[in-house]
Amino acid sequence: MGASSGGGRAGGGRPATGGKRPGAGGRRPKPVRDEARNVAYDLMRAVDERDAYANLLMPTLLRERGLTGRDAALATELAYGTLRGLGTYDEIIAACSDRPPEEIDPPLLDAIRIGVHQLLKMRVPPHAAVSATVDLVRLRVGTGASKFANAILRKVATRDFDQWLPIVAPDVEEDPVGHLAVAYSHPRWIASALRDAVGGDLGEAADLLAADNERPAVTLVAWPGRSTVGELVESGAVAARYSPYAAYMPEGDPASIEAVAQGRAAVQDEASQLVALALTRVPVEGSDDLWLDMCAGPGGKAGLLDALAVQNDRHLLAADQRFHRARLVWRATRRAGVITADGTEPAWRPGVFDRVLVDAPCTGLGALRRRPEARWRRSPDSVPELGALQRRLLGSALDAARPGGVVAYVTCSPHLAETRVVVDDVVKHRSDVEVLDAPAYLREVDRLGEGPYAQFWPHHHGTDAMFLSLLRRT
Ligand SMILES: C[S@@+](CC[C@H](N)C(=O)[O-])C[C@H]1O[C@@H](n2cnc3c(N)ncnc32)[C@H](O)[C@@H]1O
């Protein structure tokens, strides 16, 4: 069923965008420039060509092209939805082409992927999806390429998404992980790691992978002492389910909320708030003055810890290895001491902190919802390398805590090799650590696991898949 990329138009002329029908003897109508599709295309090219971060570049592109409201939402859905779904889309494109996707010119492939997303996941009528994509290809890639795109998209349009799946995805009984990977558009190694992380249950793994493909609600944090959830609610947000400092923002630009614009509140995932909060809830005997955030950049958790420290007359030292990340921490905090420092070669005396947060660098597999291209960028090779760093940072965090003090080890990844395996390994080699029951300090949140570790999930909690271990230095 492959389309030839070489010559004539397979499947006849595309529906006209106005004027005479092509193939009926008339001149081909001029392609219509559609700014939302152009922005989506430019974003995808930037992701491919210069490793751009989609969620950082998109606001700039929208502003530069003057897209707002529905047009901005359309451009965002086209780009983010395509980036998330392209694993499945490439299998479908392969089934419709005589060339595998790796052999299709990348700009052309990106445009076709955008077309496939409209055909299979958006409510764009098929003729409009094909026609708009062919116009995009004519304008941005070339007229010859538009014939190939047209042929592929017409074939894709013969089935809906659910009809394509049994054709392109491995059989679930024969290759369950391969099935998950294609059906939910994740690299195979990530589908496998996430299935292990939920305990092997295929149905639950499917729920988790499906949640990764949903656009997350924007969650705000009202920094205590600087703003309140009530104030955010008055501005149109909705009080959150778990965190006493969180509010969901169903739509709109967070910067339009006064407290956010004035730097008294910020955007922050609810699980990120709760893991920081859990650290402050563990009772400590004796002093409770000095807190350390060892991997603080860009300052999300440090912002909340600092606000709590100010309220309770404590002191936070926030460190990050990278200067520009430390500078962001400085902006997010009010009274914290902020330094550029390598947590594995501490700039502080050992055994002095009452509470230590180590929010370790990780694969970020828990935040795939928010970073549409991230799943395709990460390599499984990074896991052992990160694991070694995570062990050293956790060891260093335990050394920084005073006897009786508490350490929170946090990752924004549920990968077992970055979570419980790291903690188990470090604890095994020390005789001065007690593992605490983390879910006991987050009683308001259900389904965090049986302990002693706590694991947040997008498909249960609507949060990032954040991992928390609480340890006491004895
Ligand atoms: C997961 S992020 C932390 C997120 C942050 N806690 C927040 O809530 O915004 C990990 C941070 O660790 C920093 N980092 C990496 N290696 C480090 C090291 N050896 N010492 C200190 N910071 C390090 C990175 O620069 C990055 O900013």
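Criteria and thresholds
Residues numbered from 1 in each chain as written. Predicted model: local features only at pLDDT ≥ 70, side-chain atom pairs only at ≥ 80, totals over all residues. Heavy atoms only, no water. Helix = DSSP H or I, 4+ residues; strand = E, 2+ residues; numbered from the N terminus. Buried < 20%, exposed > 50% of the residue type's maximum accessible area, 1.4 Å probe, protein only. Contact = heavy atoms within 4.5 Å. Areas by Shrake-Rupley, 256 points an atom, 1.4 Å probe, with all protein chains shown as cover. Lys, Arg positive; Asp, Glu negative; His and termini not counted. Charge placed at Lys NZ, Arg CZ, Asp CG, Glu CD. Pairing = 2+ DSSP bridges. UniProt positions renumbered as here; feature names shortened; annotations may be inferred. Polar contact = N/O pair within 3.5 Å; in protein donor to acceptor, adjacent residues only side chain to side chain. Axes fitted to C-alpha atoms, helices over the stretch in contact; angles between N-to-C directions. Parallel < 35°, antiparallel > 145°, perpendicular 65-115°, else oblique. Left-handed = near helix turned anticlockwise from the far one by under 90°. Nonpolar A, V, L, I, M, F, W, Y, C, P; charged D, E, K, R; others polar. Near = heavy atom within 4 Å. Domains from an automatic or database assignment. Buried area = accessible area lost by both parts, 1.4 Å probe. Salt bridge = Lys/Arg side-chain N within 4 Å of Asp/Glu carboxyl O. Core = buried A, V, L, I, M, F, W, Y, C linked by side-chain atoms within 4.5 Å.

Visitor: An account of the overall build of the chain is needed here, citing residue identities and associated values.
Guide: Helix and strand content of the chain: 19 helices and 12 strands. Expressed as lengths along the three principal axes of its C-alpha atoms, the size of the chain is roughly 90 × 50 × 35 Å. Across the 474 residues that make up the chain, the buried fraction comes to 54%. Intrachain contacts of the chain at a sequence separation of at least 6 include 71% that bridge at least 24 residues. For the chain, the accessible area works out to roughly 20,300 Å², and carbon and sulfur atoms hold 48% of it. Once the 58 positive and 61 negative side-chain charges of the chain are each reduced to a mean point, those two points are 7 Å apart.

Visitor: Quick one: what's the story with the sheet that holds strand S1 (residues 218–222), residue by residue and with numbers?
Guide: A sheet is described by the order of its strands in space; here four strands give the open sequence S2-S3-S1-S4, paired in antiparallel fashion. Bordering the open sheet on either side are strand S2 (238–239) and strand S4 (265–267), each of which pairs with just one other strand. Examined bridge by bridge, S2 and strand S3 (residues 246–249) share two bridges and lie antiparallel to one another. Bridge pairing in S3 places Val238 opposite Tyr248.

Visitor: Explain the UniProt feature "binding site: S-adenosyl-L-methionine" (unreviewed entry) in the chain to me, using residue names and the numbers behind them.
Guide: Per the UniProt record, "binding site: S-adenosyl-L-methionine" (unreviewed entry) is annotated on Cys295, Ala296, Gly297, Pro298, Gly299, Gly300, Lys301, Asp320, Asp342 and Asp359. For Gly297, the position within the fold is in the loop between strand S5 (290–293) and helix H14 (300–311). On the basis of relative accessibility, which here comes to 25%, the residue Asp342 falls in the partly exposed class. A distance of 2.7 Å separates a polar atom in the side chain of Asp342 from a polar atom in the side chain of Thr344.

Visitor: Residues and numbers for the packing of helix H13 (residues 270–281) against H14, please.
Guide: One way to put it is that H13 packs onto H14 with a least axis distance of 9 Å and a crossing angle of 40°. Between H13 and H14, the crossing angle belongs to the class labelled oblique. For the element pair H13 and H14, the recorded crossing hand is right-handed. Each of Ser272, Gln273, Val275, Ala276, Leu277 and Thr280 in H13 lies in contact with H14, whose residues at this interface are Lys301, Leu304, Leu305 and Leu308. Residues of the contact of H13 with H14, tallied by class, amount to six nonpolar, three polar and one charged.

Visitor: Give me the site of the ligand: which residues, what numbers.
Guide: Surveying the vicinity of the ligand reveals 19 residues, the closest of which are Gly300, Asp320, Arg325, Gly343 and Asp359. Taking Cys295, its main chain carries an N or O atom lying 3.1 Å from a nitrogen atom of the ligand. A distance of 2.8 Å separates an oxygen atom of the ligand from a polar atom in the side chain of Arg325. Its free accessible area being 600 Å², the ligand has 89% of it covered by the protein chains. By residue class, the composition of the shell around the ligand is eight nonpolar, five polar and six charged.

Visitor: Run through the packing of helix H5 (residues 126–140) against helix H6 (residues 143–156), naming residues and quoting values.
Guide: Direction vectors running N to C along H5 and H6 enclose 155°, while the axes themselves pass 8 Å from each other. On the basis of the axis angle, H5 is roughly antiparallel to H6. For the crossing formed where H5 meets H6, the hand is right-handed. Contact residues: Val130, Thr133, Val134, Val137 and Arg138 in H5; Thr143, Ala145, Ser146, Ala149, Asn150 and Leu153 in H6. For the contact of H5 with H6, the class distribution of residues is six nonpolar, four polar and one charged.

Visitor: Describe the domain arrangement of the chain, listing the residues and the values that go with them.
Guide: For the chain, the assigned domains are domain 1 (35–156), domain 2 (169–212), domain 3 (214–267) and domain 4 (269–473). For domain 1 and domain 4, the distance between their C-alpha centroids amounts to 38 Å. Of the residues lining the interface, 11 residues belong to domain 1; the matching set on domain 4 comes to eight residues. Counting the surface lost from both domain 1 and domain 4, the interface buries some 800 Å², and carbon and sulfur atoms represent 52% of this. Taken together, domain 1 and domain 4 are joined by one salt bridge. Residue Arg377 pairs with Asp51 through a salt bridge whose shortest N-O separation is 3.7 Å. Counting the contacts that link domain 1 with domain 4 gives eight residue pairs in polar contact (both at pLDDT 80 or more). Counting residues per element, the ones that place at least two in the side of domain 1 that touches domain 4 are helix H2 (54–65) and helix H3 (69–96). For the side of domain 1 that touches domain 4, the leading source of residues is H3, giving five residues. Tallied by class, residues from the side of domain 1 that touches domain 4 come to seven nonpolar, two polar and two charged.

Visitor: Would you mind going over the nonpolar core in detail, with residue names and values included?
Guide: Counting residues in each nonpolar core, the largest one holds 55 residues, and the members touching the most others are Leu43, Met58, Leu108, Ile112, Val116, Leu120 and Val156. Where this core is concerned, the elements lending two or more residues are helix H1 (35–50), H2, H3, helix H4 (106–121), H5, H6, helix H7 (161–168) and helix H8 (176–183). By residue number, the principal contributor to this core is H3, which donates 11 residues. Counting contributing residues, this core receives three or more from each of domain 1 (35–156) and domain 2 (169–212). Contacts of Val116, omitting those with residues within four sequence positions, involve Tyr89, Ile93, Lys121, Leu153 and Val156. Among the nonpolar cores identified, the runner-up in size contains 44 residues, and Leu274, Ala296, Val445 and Ala454 belong to it.

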